[in-house]
Structures are given as C-alpha cells and as structure tokens.
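# Structural characterization, general
Here are the chains, one letter per residue:
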Amino acid sequence: MASSQQTSGGSHRIAAVDVQKKTPTNNTLEGFDIENQKKQKPGWRKFMAYVGPGFLVSLAYLDPANLETDLQAGANDGFELLWVILIGLIFALIIQSLAANLGVSTGKHLSELCKVEYPAFVKYCIWLLAEVAVIAADVPEVIGTAFALNILFHIPVWAGVLLTGLSTLLLIGLQRYGVRKLEFLVAFMVFTMAACFFGEMSYVKPPTDGLVKGLFIPKLNGQTATGDAIALLGSLIMPHNLFLHSALVLSRKIPNSVRGIKDACRYFLIESGFALLVAFFINVAVISVTATICSAEDVSEQCNDINLNSASFLLKNVLRKSSSTIYAIALLASGQSSTITCTYAGQFIMQGFLDLKMKRWQRNLMTRSISIAPSLIVSLFGGPAAAGNLIVISAMILSFELPFSLIPLLKFSSSASKMGPYKSSIYIIVISWILGLGIIGINVYYLSTAFVGWMIHNNIPKAATVFIAILVFPLIVVYIASVIYLMVRKDRVVTFIDTTKNDPAVLAPMEDSDLVPYREDLADIPLPE
C-alpha cells in the first residue's frame, strides 16, 4: 500500500492512493459520490465548480485603494498612466494564476511553503511583512468607509473611522446568510459603482487617441507620475492576495490525478482572467472619467484636491442629485470587499506561518484595531485630504512589500522540488521575473530618489537631516540586500514527493480517478474556519 507523505500544513496529492483497494484512503469520501462525479458533464458545469476564489480575490482590485489611486492618477496625469493599469493587471493575472497553481499542485498555500522552506528568522520576517501588508490593505477600507458615512450621514471623518470597527459585526451578521450571498451582495454593489462610471464614460466621451496612447505608450512625464504609478501598482498587485489565492483554491474538490490538476489550473486561470478583465475595464473607466472631467477648466480646482470624499461630482452627469448617495453606498460596499479579503488573507497567513488559528471576528477586530490608529490620527489632524493621501501611502507600502511575497511565489512555482511536473513553463517564468524585477527596480529607484530629493529640499535643521539619513539609508540597504537574498537563495526543502515514479500500479488508476480533495481542513468551504 502506498501511503501519503506529508509535511506540515498539507499532503502530496500524487501520494494519496491505496493501491490494493484502488480506491482513495482519505476518510473524506464519506458523503462524496464518486459515481456522480464521474457522470458530471464536462464543460461549463465542471468550470462552475471552480468559480469563486478568483472573483473573491478580484474584489481587492476594486477596493477604495484602487479607486483613490485611479482618481489621483486621472486628475494629476490624465490618460498617461493607463498603461500601468494594463501591465499591472496582466502581471496580476500571471501571478494570481501562479498562486492558484501552487496551491492546487502542492496541496499547501504560500505561507505554509514559506514556513517549511526558510530559516526561522527569515520566516518570521516574511510573516511580519505579510501582516503589515494586510494592515496596509485594510487602511483604505477604514478610510473609504469613513468617507461613505461622511457623505451619507455627514458624520466627521474621524468619527467614521471609529465606527468602522462595527463593520466586523456587519460582516459576521451577513455571513449567517451564507458566504456566497455575502460575496454576491458586495459584488453587486461594487458593480453598481462600475455601471455608474461606465455610464459617465459614455456621457463625457473621453478622446479615443488619448485612451489608446495612454494604454500602449508608456510614459512618466508628469511631476507626480512616478509616485502615482507606484501607488497604482501597489493597489493592483497586493502581497496578501498571493497568500489568499493560493489558499482559497484548496477549498475546491479537485480530482486527485494529473489530468484533474491540470484541468483545475486551467479553470482557475479562466476564472481569474474573466474577473481581472472586469476589474481592468472598471479601473480604466475611473481614470478616463476623471481625466476627461478634470481637463475642463470649470472643475480644475475641485480636481486639485480630489479624493474619495469629494469624487461624487464626477458622476453628476449620470446620477444628477442622487449621485452622492449612490456613490457613497457603492463606496461603502467597495470598502467591505477589502474587509473580506484582508480578514481571510490574515487568517491564512497566521495559520500558515504560525500554525495559529483565530476566529474570524477576532482576526478582523485585531486587524481593524491596528489599522484604525493611523487613520484616526491622520483624519483628526489632517482632515479628509490627508486621509485620502494616507490611502495612496498605504498603496505605496504594499508596492514596496510586494517582493517579499512575489519572489517566494516565483521561485516555488519554477521549482521541481515544490511543484514536480507542474512547475511553470520557462516562458511564464521569464515573463514573471522580468515584470517582477521591473517593479522592484522602480520601487528602489523611487525610494532612493525621493529620499535624496527630500533631504536636499527640506527645511528642517541640517543636524536633524543627517540624523534621519543615518537611520534611513541603512534601511534602504537592508531592503535591497533582503530582496537579493530571496532571489539568489536556493530552495533546500523538497515538499513534492512523487511516489508514482517507480510504481506503475499507482500511476495507472490515477489518470481516470476522481478523488476527493487532499486538504480535508479546507474542503467544501469557500473561506477558512
């Protein structure tokens, strides 16, 4: 009998077969009708069984951070940064599919693989950075919800920030009616906002040549273009999404066979592609509407300080007097989408790195309590404009943290010791590394030049400038050294063990068997318990 070989957090799909009985040994077979699974018609019905993870992850591409950075890019740079959206979402599709493939092929999500691969110090550093990324991603949800409450009920932004803690109770209450219904409600509200911007786009009729040039001719000419581009990338390609997607796919019933794994990877790719295509059109619509309206002289003053709290004027052509109300409701729903993704990404990260599980409301409350602090301070002393800038800063933080989840994903996806025969093709690996290194290079360049520029032009005493330089420059060096370490370090832990290599009796039934999931702890649930 061939026994399954495991490492912490998962098991090897190819090892989980009982040769003598030629039936699965996993006790989760109870209640799972293999004959019905075999009779299931191929095509869209089989595809629908895999729908869910990609759409849930794609909600993060429509959260307040995206809307804020889109507004800033459209107002400051016109159509110039549309190419960043195009490249960013193409790259997002590639890496999200890599994350899904990693989970499907290995039976472990990204944080679990990081735990077994890296030394303790490196593991805990990556875990802390991942937690910071979750908190940075939750800040826009806090501020977006506060803005929505301010528009709807004229509550001060700082009071709205405090009230966002109640969204934990709202989330839990809605989950009583089923996670799928919750996902549908949030998606419906977000797409309501999308419909508004599409309607406004058809009304203002942005110039076609501006759209085409912005999408296909890369430029960074504006004074704020580089910072806006980094913020756009940070809001599009979020580090915690890689951990989240690699784990969500483990909740689906995937045939335990070579063909079944490849089919699942293809279905998840199609689902992610469709979801991100929708996100692409929405982001382009927001930037295009903002760029077109802000090019008019009569609203140029409003566009100078545009943020989520003041952007409802962009929709007045379509929604008239109700523009602010509908915009605020959609913004509120957009913020809640971030709550869902951040809460469960944090749960998977904590579970994978530390083997520590928390109840959903506890995890949500912990993340929210930490993210409320900077949002409250900024909104109290800086007002709505400063709070809007904090969203852009959080997006930039996400962009700087991206290498510490992206590099492990790229290395694991191209590693035979992790993926076995399912490792990524050389073309995907090359494209992914080129785009990844490009983003890392832009981050390092912007971080260095922005700090040097600040040192030259700031008005604080020279002694204070020197002291800050002594503190910051070593951090920049450590950042670069850490990225290089992750890139050049060779994988040392083999987590993929193909027990079928020398056992034809095991290999034979696998091609035609429809077996149950190899992750019993995630089977039949769309989100972790």
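One can find the structure itself at the top, above this paragraph.
Residues numbered from 1 in each chain as written. Predicted model: local features only at pLDDT ≥ 70, side-chain atom pairs only at ≥ 80, totals over all residues. Heavy atoms only, no water.

## Let's talk about the overall build of the protein chain
Convention followed: Runs of H or I in DSSP of at least four residues are treated as helices and runs of E of at least two as strands, each being numbered from the N terminus. Under the scheme applied here, a residue whose accessible area is under 20% of the maximum for its type counts as buried, over 50% as exposed, and between as partly exposed, the area being computed with a 1.4 Å probe on protein chains only. Only the protein chains shown count as cover for residues, and the accessible areas themselves come from Shrake-Rupley with a 1.4 Å probe.
Counting secondary structure elements, the protein chain contains 23 helices and 2 strands. The buried share of the protein chain, taken over its 529 residues, is 56%. Only carbon and sulfur atoms are counted for the fraction: they give 66% of the accessible area of the protein chain, which is about 22,500 Å².

## Description of the pattern of salt bridges
The cut-off we apply is this: Salt bridge criterion: a side-chain nitrogen from Lys or Arg within 4 Å of a carboxyl oxygen from Asp or Glu.
Overall, the coordinates contain 5 salt bridges when judged by the stated rule. In this structure, the salt-bridge partner of D355 is K115, at a minimum N-O distance of 2.4 Å. With a gap of 240 residues between them, D355 in the loop between α17 (323-354) and α18 (360-401) and K115 in helix α6 (residues 110-117) connect regions that are remote in the sequence. Linking R266 and D263 is a salt bridge whose minimum nitrogen-to-oxygen distance equals 3.0 Å. Of the two residues, R266 and D263 are both situated in helix α14 (residues 258-294); the distance of 3 residues between them amounts to about one turn of the helix. Residues participating in the shared-partner salt-bridge network are E117, K418, R489 and D491.

## As for the packing of aromatic side chains
Basically, it comes down to this: Pairing of aromatic rings covers Phe, Tyr and the six-membered ring of Trp, with a centre-to-centre limit of 6.5 Å; geometry is then stacked below 30 degrees between planes, edge-to-face above 60, and tilted otherwise. The criterion is that NZ of a Lys, or CZ of an Arg, lies within 6 Å of the ring centre and within 35 degrees of the ring normal, and then a charge sits over that ring.
Using the criterion set out here, one finds 4 aromatic pairs in the structure. For the pair Y118 and F412, a centre-to-centre distance of 6.1 Å together with 35 degrees between the ring planes defines the contact as tilted. Residue Y118 is found in the loop between α6 and α7 (120-153), and its partner F412 is found in helix α19 (residues 403-413); the two are separated by 294 residues along the sequence. Assigned by exposure class, Y118 and F412 land together as buried. Taking 5.5 Å as the distance between ring centres and 55 degrees as the angle between the ring planes, the aromatic pair formed by F280 and F281 counts as tilted. A relative accessible area of 12% means that F280 is categorised as buried. One residue, K123, lies across the ring of Y124, its end atom 4.6 Å from the ring centre. Directly above the aromatic system of Y267 lies the positively charged group of R266, at a separation of 5.3 Å from the ring centroid.

## Here's the deal with the packing of helix α13 (residues 239-248) against α19
Stated precisely, the cut-off is as follows: Axis definition: a line fitted to C-alpha atoms, over the contacting stretch in the case of helices. Angles run 0 to 180 degrees between N-to-C directions. Angles are sorted into four bins: roughly parallel if under 35 degrees, roughly antiparallel if over 145, roughly perpendicular if 65 to 115, and oblique for all others. Take the far helix as the reference: if the near one is turned anticlockwise from it by less than a right angle, the crossing is left-handed, and if turned clockwise, right-handed. Here, two residues are considered to be in contact whenever any of their heavy atoms come within 4.5 Å of each other. Residues are grouped as follows: nonpolar covers Ala, Val, Leu, Ile, Met, Phe, Trp, Tyr, Cys and Pro; charged covers Asp, Glu, Lys and Arg; every other residue, Gly included, is treated as polar.
Where α13 contacts α19, the axes come no closer than 7 Å and their chain directions differ by 40 degrees. One way to sum up the angle between α13 and α19 is to call them oblique. Of the two elements, α13 crosses α19, and the hand of that crossing is left-handed. Across the interface between the two elements, P239, L242 and F243 of α13 pack against S405, L406 and L409 of α19. The residue inventory of the contact of α13 with α19, partitioned by class, reads 5 nonpolar, 1 polar and no charged.

## Describing a nonpolar patch on the surface
Put simply, the test is: A patch is a set of surface residues, each over 30% in relative accessible area and not in a salt bridge, joined within 9 Å for like charges and within 5 Å for the nonpolar side chains Val, Leu, Ile, Met, Phe, Trp and Tyr.
On the surface, W158, L162, I377, L380 and F381 cluster together into a nonpolar patch covering about 570 Å² of accessible area. When residues of the nonpolar patch are traced back to their parent elements, those giving at least two are α8 (157-163) and α18. A per-element tally of the nonpolar patch places α18 first, with 3 residues.

## Brief notes about the side chain of Q72
Short version of the rule: Nitrogen and oxygen atoms within 3.5 Å of one another constitute a polar contact, given that in protein one can donate a hydrogen and the other can accept it, and given that sequence-neighbouring residues count only through two side-chain atoms.
Relative to the elements of secondary structure, Q72 occurs in helix α4 (residues 64-77). A polar atom in the side chain of Q72 sits 3.1 Å from the backbone oxygen of I306. Not counting the four nearest positions on each side in its chain, Q72 is found in contact with D77, D228, I306, N389 and V392.

## Looking at the environment of F268
Relative to the assigned elements, F268 resides in helix α14. Residue classification places F268 among the buried residues on the basis of a relative accessible area of 1%. The sequence separation of F268 and N101 amounts to 167 residues, and the corresponding C-alpha distance is 8.2 Å. If near-sequence neighbours (up to four positions away) are discounted, F268 is found in contact with Y50, P53, A100, V104, V249, R252 and I254.

## Some remarks on helix α22 (residues 462-488)
So the rule is basically this: A helix's residues, less one, multiplied by 1.5 Å, set its expected span.
The end-to-end C-alpha distance of α22, which contains 27 residues, comes to 39 Å, matching closely the 39 Å that a straight helix rising 1.5 Å per residue would cover. Among the residues making up α22, those that are buried are T465, A469, I476, Y479, V483 and L486.

## Description of the environment of Y422
Of note, Y422 is situated in the loop between α20 (416-419) and α21 (426-457). Of the residues examined, Y422 reaches a relative accessible area of 11% and is grouped as buried. Along the backbone, Y422 and K262 are 160 residues apart, and their C-alpha atoms lie at a distance of 8.1 Å.

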